[in-house]
Amino acid sequence: PGGAQLIFHNAAFDFAVIDQHLHQTGAADARSWLWSAADMHRIHDTMLLHALVTLAQSDDDRMVTLADAAQRWRRSRDRDAEVSGHRANGRENGR
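In this report, we go over the structure that sits alongside the text. Just so it is clear, the model here is predicted, and its values are computed rather than measured.

Cut-off values and rules
- Residues numbered from 1 in each chain as written.
- Predicted model: local features only at pLDDT ≥ 70, side-chain atom pairs only at ≥ 80, totals over all residues.
- Heavy atoms only, no water.
- Phe/Tyr/Trp six-rings, centres within 6.5 Å; stacked < 30°, edge-to-face > 60°.
- Helix = DSSP H or I, 4+ residues; strand = E, 2+ residues; numbered from the N terminus.
- Buried < 20%, exposed > 50% of the residue type's maximum accessible area, 1.4 Å probe, protein only.
- Expected span 1.5 Å × (residues − 1).
- Arc of directions from axis to C-beta.
- Polar contact = N/O pair within 3.5 Å; in protein donor to acceptor, adjacent residues only side chain to side chain.
- Contact = heavy atoms within 4.5 Å.

### Some details on the packing of aromatic side chains
Here is step 1 of the chain: In this structure the tally under the stated criterion is one aromatic pair.
Here is step 2 of the chain: Here the aromatic rings of F15 and W35 are separated by 4.8 Å at their centres, their planes lie at 90°, and the arrangement is edge-to-face. With F15 in helix α1 (residues 11-24) and W35 in helix α2 (residues 28-39), this residue pair connects regions lying 20 residues apart in the sequence.
Here is step 3 of the chain: Judged by its relative accessible area of 13%, F15 falls in the buried class.

### Things to note about helix α3 (residues 46-58)
Here is step 1 of the chain: Counted at 1.5 Å a residue, the expected span for α3 with its 13 residues is 18 Å, and the 18 Å between its end C-alpha atoms agrees.
Here is step 2 of the chain: All of the buried residues in α3 are M47, H50, A51 and T54. What you see down the axis of α3 is that its buried residues fit within an arc of 100°, all on one side. Residues L49 and A56 are exposed on α3 and point more than 90 degrees away from its buried face.
Here is step 3 of the chain: Its side-chain oxygen 2.9 Å from the backbone nitrogen of M47, D45 forms the N-cap of α3.
Here is step 4 of the chain: Where α3 terminates, the next one or two residues include D59, which has phi positive at roughly 60°.

### Quick word on the side chain of D45
Here is step 1 of the chain: Inspection of the secondary structure assignment puts D45 in strand β2 (residues 43-45).
Here is step 2 of the chain: Classification of D45 by relative accessible area gives buried; the value is 19%.
Here is step 3 of the chain: In terms of polar contacts, D45 uses its side chain to reach the backbone amide nitrogen of N10, at 3.0 Å.
Here is step 4 of the chain: When residues no more than four places from it in sequence are discounted, the contact partners of D45 are F8, H9, N10, A11 and A12.

### What about α1?
Here is step 1 of the chain: An ideal rise of 1.5 Å per residue puts 20 Å on 14 residues; α1 measures up with 20 Å between its terminal C-alpha atoms.
Here is step 2 of the chain: All of the buried residues in α1 are A11, F15, D19 and L22. For α1, the buried positions fall inside an angular range of 65° around the axis, keeping them on one side. Exposed residues on α1 whose side chains face more than 90 degrees from its buried face are F13 and Q24.
Here is step 3 of the chain: Buried-residue contacts for α1 involve β1 (6-8), α2 and β2.
Here is step 4 of the chain: Just beyond α1, the residue with positive phi is G26, at close to 75°.

Structural data, given as C-alpha cells:
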C-alpha cells in the first residue's frame, strides 16, 4: 500500500463490507492491498478515536455518527483558534 492511510468511521464495518465486495468480485490484488494496509496498521477509525478521546475527557462512552464527531471537533478547533487569536493579540490575562 505504499504510504497510503485508510480512514474510516466504523472501520470494522467498512473493512468487512469492502473485503466482502472485493472477494465476491474476484479483485484479488485489491483485496491483498486492503489486507496489507491492515497488517501495516494503516487503517484508522475516527469513531473509535472520538470515543477514546471523549471517554478520557468526560467518561462519555457513546459512539457517535461521523457528522456528530465532525461537528464536535470543528467547534473545538474554532475555540482553539479563538484562544490563539486572543493570545496573539495580547488579550490573554486581561491585557
